[in-house]
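Fold and contact review
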Amino acid sequence: DVTRSPSVVARLDMVTPRDAPAGERRHGHVAGPIGRAASKPSMSGSATQVRLLLVEDVPQVAQYVRGLLNSQAAIKLLDVLSDGTKAAAHIQQLRPDVVIVDALLQGRVKGLPLVERLASLPGRVPVIVLTVPQQPINPDPDRGIDGVLSMPFSGYDLVNRIQEVFHQYQESTATGNARVFAVFSPKGGVG
């Protein structure tokens, strides 16, 4: 049973911390500061809504992320995939701005090989890898890991990491919009 594997149990424990204050618990999940902090405008001050695709096979973790993103407008969750084999097709169809992939993804396609596969696609999308402290991962854009988010995390951490990775990727791939106009006249005094 997948839900009894040690990595899944570790992720489930991270989603519902036992030491959370009683006022922050809601339906077995931690409400977190999403209602206060994440509703602020993005870090750069732009009002651009970031489109997100989540690849997560543990329903409780997916529901936790969905709950954190429900009460804010800066991030739009397009879909949650539990099967990594469908990720490339969904990216082509939905055209997300950022993808979050669980490093501990189970199934035919594991988390980190999926990240490397996504990095080789045309029209590359920045990827945030979701992990646990017991299995640390460092950002490595050459391997397709543009950011890392370690559980447990709050809504503030989630929204800021998504926006940070989105803006960094936009700045690194931006092409200049400058145009040069040369105006001249062959007749003296007309210019």
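Before reading on, note that the structure itself is shown above.
All residue numbers here refer to positions counted from 1 along the written sequence of the relevant chain. Where local features are concerned, this predicted model is filtered to residues with pLDDT of at least 70; where side-chain atom pairs are given and counted, the filter is 80 or more; whole-chain, interface and lining totals use all residues. Remark: hydrogens and water are excluded; side-chain values derive from all non-hydrogen atoms of the structure.

1. Some words on the overall build of the protein chain
For helices the rule is a DSSP run of H or I covering at least 4 residues; for strands it is a run of E covering at least 2, with both sets numbered from the N terminus onward. For the protein chain, the helix and strand inventory stands at six helices and seven strands. When the helices and strands of the protein chain are placed in sequence order, the string is α-β-β-α-β-α-β-α-β-α-β-β-α. Buried means the residue's accessible area, taken with a 1.4 Å probe over protein chains only, is under 20% of the maximum for its type, while exposed means over 50%, and partly exposed covers the values in between. For the protein chain, the proportion of its 191 residues judged to be buried stands at 43%. Residue pairs in contact within the protein chain that sit at least 24 positions apart in sequence constitute 66% of those at least 6 positions apart. Computed with a 1.4 Å probe, the accessible areas rest on the Shrake-Rupley method; for each residue, only the protein chains presented here act as cover. In the form shown here, the protein chain has an accessible surface area of approximately 10,800 Å², with 52% of it arising from carbon and sulfur atoms. In this analysis, two residues are considered to be in contact whenever any of their non-hydrogen atoms come within 4.5 Å of each other.

2. Overview of the packing of helix α3 (residues 59-70) against helix α6 (residues 155-173)
Contact geometry of α3 with α6 gives a least axis separation of 10 Å together with a crossing angle of 80 degrees. Judged by the inter-axis angle, α3 sits roughly perpendicular to α6. For the pair α3 and α6, the contacting residues are Val 65, Leu 68 and Leu 69 in the first and Gly 155, Leu 158 and Val 159 in the second. Polarity classes work like this: nonpolar for Ala, Val, Leu, Ile, Met, Phe, Trp, Tyr, Cys and Pro, charged for Asp, Glu, Lys and Arg, and polar for all others, with Gly in that last group. Considered class by class, the residues forming the contact of α3 with α6 number five nonpolar, one polar and no charged. Each axis is a line fitted through C-alpha atoms, and for a helix only the stretch in contact is used; angles between axes span 0 to 180 degrees, taken between their N-to-C directions. Working rule for angles: under 35 degrees goes down as roughly parallel, over 145 as roughly antiparallel, 65 to 115 as roughly perpendicular, anything else as oblique.

3. Some points on the pairing of strand β6 (residues 127-131)
Across the five residues of β6, five count as buried, placing the element largely inside the fold. Neither face of β6 is open: one carries Val 127, Val 129 and Thr 131, the other Ile 128 and Leu 130, and all of them are buried. Two strands are said to pair when DSSP picks up at least two bridges between them. Two elements, strand β5 (residues 98-102) and β6, share four bridges in a ladder whose sense is parallel. Bridge assignment links Asp 102 to a residue of β6, and that residue is Leu 130. Where the polypeptide runs from β5 across helix α5 (residues 111-119) and back to β6, its parallel neighbour, the crossover connection is right-handed. Seen with its strands pointing away from the viewer, a crossover is right-handed when the path leading from the first strand over the helix to the second is clockwise.

4. Here we look at α6
At 3.6 residues per turn, the α-helix brings residues three or four places apart onto the same side. Each residue after the first adds 1.5 Å to the expected span of a helix. For α6, spanning 19 residues, the distance from its first C-alpha to its last is 27 Å, which sits close to the expected 27 Å at 1.5 Å a residue. Taken together, the buried positions of α6 are Gly 155, Leu 158, Val 159, Asn 160, Ile 162, Gln 163, Val 165, Phe 166, His 167 and Tyr 169.

5. Details of the pattern of salt bridges
When a carboxyl oxygen of Asp or Glu lies within 4 Å of a side-chain nitrogen of Lys or Arg, that pair is called a salt bridge. Evaluation of the coordinates by the stated rule reveals three salt bridges. Measuring nitrogen to oxygen at the nearest pair gives 3.2 Å for the salt bridge that ties Arg 143 to Glu 116. In this pair, Arg 143 sits in the loop between β6 and β7 (147-150) while Glu 116 sits in helix α5, placing the two residues 27 residues apart along the sequence. Of the charged contacts in the structure, one is a salt bridge between Glu 164 and Arg 161, with a shortest N-O distance of 3.9 Å. On the criterion of helical spacing, the pair formed by Glu 164 and Arg 161 is a turn pair, its members being three residues apart in helix α6. Note on Glu 164: relative accessible area 30%, which makes it partly exposed. Relative accessible area serves as the criterion here: at 27%, Arg 161 is assigned to the partly exposed category.

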